[in-house]
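Working through the structure, step by step
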Amino acid sequence: MLNRGIRAKVVGTGMYVPDRVVTNEDLAGLMDTSDEWIQQRTGIKERRYIEPGQMPADLAQAACEQALEAAGLEVGDLDFILLATLSSQHEFPGTSFFLHEQLDAGHVPCLDLRAQCSGFLYALNFADGLIQSGKSKRVMVVGCEVQSTGIDRTTEGRDVAVIFGDGAGAVILEANEVESDSAGILDVKLHSEGKHARRLWIEAPSSGHMPCRLTREMIDEKRHFPYMDGRHVFKHAVTRMPEVLKESLANASIKIDDVDLFLFHQANLRINEYVAQKLEIAPDRTFSNIERFGNCSAASIPMLLAEAERNGILAPGKIVTLTAFGSGFTWGSAVLRW
Ligand code: COA
């Protein structure tokens, strides 16, 4: 931590999901699966999919406008917009520039950041650095995913298809003077381990593929759909998440008993229950929305923050942790005083 007398404080949150609800029963009409299997293995009951014509930047825009309104700010007050996603609107320039256009953000710099399901925590870390270094005063951090258009909704792709959903969440961070108990980010700890990259990935299109990035053959072989070694992911997630959560709590000098709320990336309710059990965290100290929204990757954590704040679970002074694990592999944890 730079600790230059400045702390990055969340001053506004927002979230948006499309209106179209897709239940487990709906998916069972497309592939060999069942509501019972999905709920038992993942905790998911339904998720949201975009309507034809809706774009990732539309979801992000709605979440960002809520966050700006909650903070009482205009887009021109921002010094940076960081958008984390694994499902960018276009191969390049990504999603953030379309969001930028829709927000009418003038010349405020923006960029897309890719760290998959840990993407929001990675973006939060960079926003924290920009603010603590004095380079930026206010940074908007957005997580946005449209996964419904990129999954194999047949029995072959059912392991991944039942998990993912569409959604967006946003927070605005502002420089705050440090006093002993002032609100803000107390620590962010991140890790990666690239040797597992092919255990959870989308192979195509690939810029290293000859003669071009995406061929008919690749599509026929379904290499443009996500591949997941579910058991491998599960095993690593339940090990790495408690490890990094403990690391970031130690860096922030916060005891696990002093945490009011533990928020976990919404990949699979069973992963989070396992992690909570390992750390002896009672269910009433966590909050989930996976049963309603599925796994929204980089959007999951900011969506949780916005909901938790709206229903009063998160209030000023509370200590909250954010922990995620995802493709790469990437994982991380943050500690904040709200
Ligand atoms: N519906 C019904 N059956 C399904 C299914 C589905 N949606 N998906 C897989 N199955 C089947 C498999 O084909 C397999 O059948 P078989 O025994 O005849 O071969 C059986 O269920 C068990 O599959 P397995 O992959 O061993 O199940 P699992 O207990 O590991 O659960 C996951 C699968 C995906 C739920 C689990 O591995 C998981 O949650 N992993 C982590 C995923 C994750 O978090 N991803 C995102 C990371 S950010």
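Look up: the structure comes first, before these words.
The structure reproduced in this document is the subject of the present report. (Residues numbered from 1 in each chain as written. Predicted model: local features only at pLDDT ≥ 70, side-chain atom pairs only at ≥ 80, totals over all residues. Heavy atoms only, no water.)

1. Quick notes on the overall build of the chain
Worth spelling out the cut-off: Helix numbering and strand numbering both begin at the N terminus, where a helix is a DSSP run of H or I of at least 4 residues and a strand a DSSP run of E of at least 2. Our radius of gyration is a C-alpha quantity, and the globule rule it is checked against amounts to 2.2 Å times the number of residues to the power 0.38. Only protein chains enter the accessibility calculation, which uses a 1.4 Å probe. A residue is then buried if its area is under 20% of the maximum for its type, exposed if over 50%, and partly exposed in between. Should any heavy atoms of two residues lie within 4.5 Å, those residues are counted as being in contact. To be clear on the numbers: accessible area is Shrake-Rupley with a 1.4 Å probe, and residue cover counts the displayed protein chains and nothing else. Neither His nor the chain ends contribute to the count of charged residues, in which Lys and Arg are positive and Asp and Glu negative. Where a charge lies is defined by one atom per residue type: Lys uses NZ, Arg uses CZ, Asp uses CG and Glu uses CD.
The helix and strand tally for the chain stands at 11 helices and 13 strands. Taken over C-alpha atoms, the radius of gyration comes to 19 Å for the chain, in line with the 20 Å a tight globule of 338 residues would show. Along the first, second and third principal axes, the C-alpha atoms of the chain reach 60 × 50 × 35 Å. Expressed as a percentage of the 338 residues in the chain, the buried residues total 54%. Of all intrachain contacts in the chain linking residues separated by at least 6 positions in sequence, the fraction that spans at least 24 positions is 77%. Approximately 14,900 Å² of the chain is accessible, and the part contributed by carbon and sulfur atoms is 48%. The positive charge centre, built from 34 side chains, and the negative charge centre, built from 46, are 6 Å apart in the chain.

2. Some remarks on the sheet that holds strand 12 (residues 319-326)
This is how the line gets drawn: Here, a strand pair is defined by DSSP locating no fewer than two bridges between the strands. A fitted line through C-alpha atoms serves as each axis, taken over the contacting stretch for helices, and the angle formed by two N-to-C directions is quoted from 0 to 180°.
Spatial ordering of the open sheet is given by 8-13-12-11, a layout of 4 strands whose pairing is mixed. Both edges of this open sheet fall to strand 8 (184-192) and strand 11 (261-264), since each of them pairs with a single strand only. The sheet shows a mean angle of 10° between the axes of neighbouring strands, direction not considered. Sheet topology note: the strand 11/strand 12 ladder contains 4 bridges and is parallel. Residue pairing across strands places L261 opposite V320, the latter belonging to strand 12. Against the sheet, helix 8 (residues 230-251) makes contact with strand 8, strand 11, strand 12 and strand 13 (330-337), and its axis sits at roughly 145° relative to strand 12, the strand it touches most.

3. Notes on the site of the ligand
Our working rule: Only a single heavy atom is needed: when it lies within 4 Å of a molecule or strand, its residue is near that molecule or strand. The term polar contact refers here to a pair of N or O atoms within 3.5 Å; inside protein, the definition further demands a hydrogen-donor-capable atom paired with an acceptor-capable atom, and it admits residues adjacent in sequence only when both atoms are side-chain atoms. Here the nonpolar group is Ala, Val, Leu, Ile, Met, Phe, Trp, Tyr, Cys and Pro; Asp, Glu, Lys and Arg are the charged ones; every other residue, Gly included, is treated as polar.
Taken together, 22 residues form the shell around the ligand, and within it T33, R41, R158, R231 and N268 come nearest. Between the ligand and T33 there is a distance of 2.6 Å, counted from a nitrogen atom to a side-chain nitrogen or oxygen. Looking at the shell around the ligand, the elements with two or more residues in it are helix 2 (35-42), helix 6 (158-161), helix 8 and strand 12. Ranked by the residues each element gives to the shell around the ligand, the list is headed by helix 8, at 4 residues. Considered class by class, the residues forming the shell around the ligand number 10 nonpolar, 7 polar and 5 charged.

4. Structural notes on the nonpolar core
Convention followed: Take the buried residues of types Ala, Val, Leu, Ile, Met, Phe, Trp, Tyr and Cys, join any two whose side-chain atoms come within 4.5 Å, and each joined set is a nonpolar core. For every domain, the bounds stem from an assignment made automatically or drawn from a database.
Membership of the largest hydrophobic core comes to 39 residues, with the highest contact counts inside it found for M241, I254, F264, F325 and V335. At the level of elements, helix 6, helix 8, strand 11, helix 9 (269-278), strand 12 and strand 13 are the ones that each hand at least two residues to this core. When residues in this core are grouped by element, the largest group, 7 residues, is from helix 8. If you count residues domain by domain, this core takes at least three from each of domain 1 (6-177) and domain 2 (184-337). With sequence-adjacent residues up to four places away left out, F264 is seen in contact with M241, L245, N272, V275, I281, T286, L304 and T323. Grouped together as the second largest cluster of nonpolar side chains are 37 residues, F120, L261, F287 and A308 included.

5. Describing helix 5 (residues 119-132)
Formally: The span expected for a helix works out to 1.5 Å for each residue beyond the first.
Here helix 5 contains 14 residues, and its C-alpha end-to-end distance of 20 Å stays within 8% of the 20 Å for a straight helix at 1.5 Å per residue. In terms of burial, helix 5 is a largely internal element, 11 of the 14 residues being buried. For helix 5, the full list of buried residues reads G119, F120, L121, Y122, A123, L124, A127, D128, L130, I131 and Q132. One or two steps after helix 5, the chain reaches G134, where phi turns positive at roughly 90°.

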